[in-house]
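Here are the chains, one letter per residue:
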Amino acid sequence: MQIAIAGAGIGGLALALMLHQRGIASRIYESAQELRPLGVGINLLPHAVDELDQIGLAAPLRELAVETAALHYYNKHGQPIWEEPRGVAAGYPVPQYSVHRGEFQMLLAQAVRERLGPDAITTGVVLESARTETGQAVASLRRRADGALIDVAADVVVGADGIHSALRRQFYPQGDEPRFSGRMLWRAVTDGAPYLDGRTMFMAGHQDQKFVCYPISEPLRRAGRSRINWIAELAVGDGELPATDWNRRVDKSVFAERFADWRWDWIDIPAIIAGAEAIYEFPLVDRDPLPRWTRGRLTLLGDAAHPMYPIGSNGSAQAILDARCLADCLVQAGAGTLRSTETALLEYEALRLPPTAGIVLRNRLNGPEQVMQMAEERAPGGFADVHDVIRADELQAVSSRYKRLAGFDPAALRASREQRA
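Sequence order sets the numbering: in each chain, residues are counted from 1 along the sequence as written. Local features are withheld for residues below a pLDDT of 70 in this predicted model, meaning they are given only at 70 or higher, and side-chain atom pairs are given and counted only at 80 or more; totals for whole chains, interfaces and linings count all residues. Where side-chain values are given, they derive from all heavy atoms of the structure, hydrogens and water being excluded.

- By the naming in an unreviewed UniProt entry, the chain goes by Flavin-dependent oxidoreductase and is assigned to Bordetella genomosp. 5.

This is the structure in structure tokens:
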């Protein structure tokens, strides 16, 4: 069996590694001319780390990423709303990590080339369309160097080509436009002194004005410094999607004044903003859940299948879970447990589409971050004690409900690992 994967992002690379572990050949086709460590920070939740552990990446990940110790929520006055331990400290069998997205992507790409061969990733080719014909799948790729169109035959074509997926657009050419939240994100990385314990992620504010911070470099942390990934978020207007570049570099003056007085005894947010080398602007967008991901021998994975707001740290985690599920289903088809390759793709869709659709919709309601909105609505001027305005059991319920929905409830993950042992 041979799988053609369009896209060398986290989902596509993870899929190639998981297929290889199960004895299935694959090749990745990437539109970029060269893979480079671009982007900012991401969080890898324990259920994703568990999958990475199973493909032998626990050790290199531990050297690269910060093991997240805690997650804190604050209101716009810097007053604590909710705190919880994360990873091993929260009872998980594996850690949670914060890491630079590009560096993590390079780790995955290196593992793909070492295990599958130096030619396992073809760069500079753009997926234009795909089709199923006479018992195989065919991907039509445009070579960027000379514009030539080449066809690649495989048993399955997987569209792991992101939120602007060509395969998704082929499946749904109309009525599947990005949905803009009316909020804009400004994302950057700042090197500076550690805050709190140097391993804590925090969010402050509410749904219309929010700041997120977490450290992402373990080597720098060991040296007593911190590489801080941060996101500033503001409501910007009438809900029309900006027509400009979704990843354009901007000056801090576009948004920084709104955070000018966010200095508290444990953090200086204006200083963090001022220390960034480059700031990039993104609209907060997703797409509506799809009724189907699969047609014949073609299917979608990751952001191509279920782009979601970056709330609850779930985008990369769900792509990794997609990869493991798809690899397992294809193994069953190869072993004759499932009737055919097409059945395997439908089984994958049946297992993964409902939970990811639920996360997309829950994230529109702010996911676990709704505790900040609850505090803003009930006590916009602040509070002496958060439990005067939000009961402890309400806060706990928000956190627990989202963990169950997104598949990283500690007890469930422990049980899964024990079952495999």
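## Focus: the overall build of the chain
At step 1: Along the backbone of the chain there are 12 helices and 21 strands.
At step 2: For the radius of gyration, the atoms used are the C-alpha atoms, and the globule rule reads 2.2 Å times the number of residues raised to 0.38. Against the 2.2 N^0.38 benchmark of 22 Å for 421 residues, the chain shows a C-alpha radius of gyration of 21 Å, consistent with a compact globule.
At step 3: Along the longest, intermediate and shortest principal axes, the C-alpha atoms of the chain span 70 × 50 × 45 Å.
At step 4: Across the 421 residues of the chain, 55% fall into the buried class.
At step 5: Here the contacts in the chain between residues at least 6 apart in sequence split such that 74% fall between residues at least 24 apart.
At step 6: In these tables, accessible area is a Shrake-Rupley quantity obtained with a 1.4 Å probe, and a residue counts as shielded only by the protein chains included in the view. Entry remark: accessible area of the chain is about 17,200 Å², with carbon and sulfur atoms responsible for 48%.
At step 7: Computed over 46 positive and 52 negative side-chain charges, the inter-centroid distance for the chain is 3 Å. Helix and strand assignments come from DSSP, with helices taken as H or I runs of at least 4 residues and strands as E runs of at least 2, each series counted from the N terminus. Only protein chains enter the area calculation, which uses a 1.4 Å probe; residues under 20% of their type maximum are buried, those over 50% are exposed, and those in between are partly exposed. Contact definition: two residues touch when any of their heavy atoms are within 4.5 Å. Charged residues are defined narrowly, with Lys and Arg counted positive, Asp and Glu counted negative, and His plus the chain ends left uncounted. For the purpose of locating charges, the reference atoms are NZ of Lys, CZ of Arg, CG of Asp and CD of Glu.

## Some details on the environment of E347
At step 1: Its location among the elements puts E347 in helix α9 (residues 341-364).
At step 2: Distance in space between the C-alpha atoms of E347 and G135 is 18 Å, their sequence separation being 212 residues.

## Re the nonpolar core
At step 1: To define a nonpolar core, start from buried Ala, Val, Leu, Ile, Met, Phe, Trp, Tyr and Cys residues and group those joined through side-chain atoms within 4.5 Å. Membership of the largest hydrophobic core comes to 83 residues, with the highest contact counts inside it found for L15, L44, L52, F104, I320 and L330.
At step 2: In terms of residues, this core owes the most to one element, helix α8 (residues 315-335), which gives nine residues.
At step 3: Look past the residues within four positions of L44 in its chain and what remains in contact with it is V49, L52, L61, Q96, Y97, V99, F104, S316 and I320.
At step 4: With 54 residues, the next largest nonpolar core counts I231, L234, I272 and M374 among its residues.

## Observations concerning the state of the cysteines
Covalent bonding between the sulfur atoms of two cysteines is what defines a disulfide.
At step 1: Any pair of cysteine sulfurs within 2.5 Å is marked as a disulfide. Enumeration over the complete set of coordinates arrives at zero disulfides.
At step 2: Just so you know, C329 is unpaired, no disulfide at all, and the nearest cysteine sulfur is the one on C325, 4.3 Å from it.

## Quick look at the layout of surface pockets
At step 1: Cavity means a closed set of points on a 1 Å grid over the protein atoms alone, one where a 1.4 Å probe fits but cannot get out, pocket means an open set with protein on both sides within 12 Å along at least 5 of 7 lines, and lining means a residue has an atom within 4 Å of a point. Grid points are joined across faces, edges and corners, and a volume is the space filled by probe spheres set on the points. For the second largest pocket, the calculated volume is near 200 Å³.
At step 2: At the level of secondary structure, the elements contributing two or more residues to the lining of the second largest pocket comprise α2 (46-54), α8, α11 (392-406) and α12 (410-420).
At step 3: Here the lining of the second largest pocket is built from residues that sort into four nonpolar, four polar and seven charged. Note that Gly is not counted as nonpolar here; it falls among the polar residues with everything else outside the nonpolar set of Ala, Val, Leu, Ile, Met, Phe, Trp, Tyr, Cys and Pro and the charged set of Asp, Glu, Lys and Arg.

## So, the sheet that holds strand β14 (residues 200-206)
At step 1: Any two strands with at least two DSSP-identified bridges between them are counted as paired. One open sheet holds the eight strands; their spatial order is β6-β5-β14-β15-β16-β13-β20-β17, and the pairing between them is mixed. On the outer flanks of this sheet lie β6 (80-85) and β17 (248-250), each paired with one strand and no other. Across the sheet, the mean angle from the axis of one strand to that of its neighbour is 20°, orientation sign disregarded.
At step 2: Bridge count for strand β13 (residues 179-192) against strand β20 (residues 279-286) is seven bridges, and the pairing is antiparallel. Looking at the pairing, R179 lines up with D286 of β20. Every axis corresponds to a line fitted to the C-alpha atoms, with the helix fit spanning only the stretch in contact, and the corresponding angles, defined between N-to-C directions, vary from 0 to 180 degrees.

## Points about unusual backbone geometry
The bulk of non-glycine residues show a negative phi, and the bulk of peptide bonds are trans.
At step 1: Of note, the phi angle at T134 is positive, near 40°, even though the residue is not glycine.
At step 2: Mapped onto the elements of the fold, T134 is located in the loop between β9 (125-133) and β10 (136-143).
At step 3: Looking at T134, the relative accessible area reads 79%, which means it is exposed.
At step 4: Here the phi dihedral of L196 falls at roughly 50°; this positive angle occurs in a residue that is not glycine.

## A word on the packing of helix α1 (residues 10-21) against helix α4 (residues 101-116)
At step 1: Two numbers describe how α1 lies on α4: the axes approach to 9 Å, and their chain directions differ by 30°. In this view, α1 runs roughly parallel relative to α4, as classed from their interaxial angle. By crossing handedness, the relation of α1 to α4 is classed as left-handed. Residues I10, L13, A16, L17 and H20 of α1 lie in contact with α4, whose contacting residues are R101, F104, Q105, L108, A109, A111, V112, R115 and L116.
At step 2: Of the residues belonging to the contact of α1 with α4, the class tally is 10 nonpolar, two polar and two charged. Orientation categories follow fixed angle ranges, with anything under 35 degrees roughly parallel, anything over 145 roughly antiparallel, 65 to 115 roughly perpendicular, and all other angles oblique. Here a crossing is called left-handed whenever its near helix is offset anticlockwise from the far helix by less than a right angle, and right-handed whenever the offset is clockwise.

## Some thoughts on the packing of aromatic side chains
At step 1: Two rings from Phe, Tyr or Trp (for Trp, the six-membered ring) form a pair when their centres are within 6.5 Å of each other. A pair whose planes differ by under 30 degrees is stacked, one over 60 is edge-to-face, and the rest are tilted. Per the counting criterion, the structure on display carries 12 aromatic pairs.
At step 2: Taken together, a centroid distance of 5.5 Å and an interplanar angle of 35° make the contact between W262 and W264 tilted. The pair formed by W262 and W264 is uniform in burial state, with each residue classed as buried.
At step 3: Clustering of aromatic rings is evident, with ring pairs tying together Y74, W186, Y195, F202, F211, W230, F255, F259, W262, W264 and W266.
At step 4: Cation placement over rings: the criterion is NZ of Lys or CZ of Arg within 6 Å of the ring centroid and within 35° of the ring normal. A cation sits over an aromatic face here: R187 above F282, 5.9 Å from the ring centre.

## Focus: empty space enclosed by the protein
At step 1: In total, this model carries two cavities of 30 Å³ or more according to the counting rule given.
At step 2: The computed volume of the largest cavity comes to approximately 140 Å³.
At step 3: In terms of lining residues, the largest cavity is bounded by 19 residues, among which L71, Y73, E84, R86 and P368 are the most central.
At step 4: Those elements that place two or more of their residues in the lining of the largest cavity are β5 (70-74), β6, β14 and α11.
At step 5: The element best represented in the lining of the largest cavity is α11, accounting for five residues.
At step 6: Of the residues that constitute the lining of the largest cavity, the class distribution is 12 nonpolar, four polar and three charged.
At step 7: In this structure, the second largest cavity occupies an estimated 40 Å³ of space.
At step 8: For the lining of the second largest cavity, the residue count by class is seven nonpolar, two polar and no charged.

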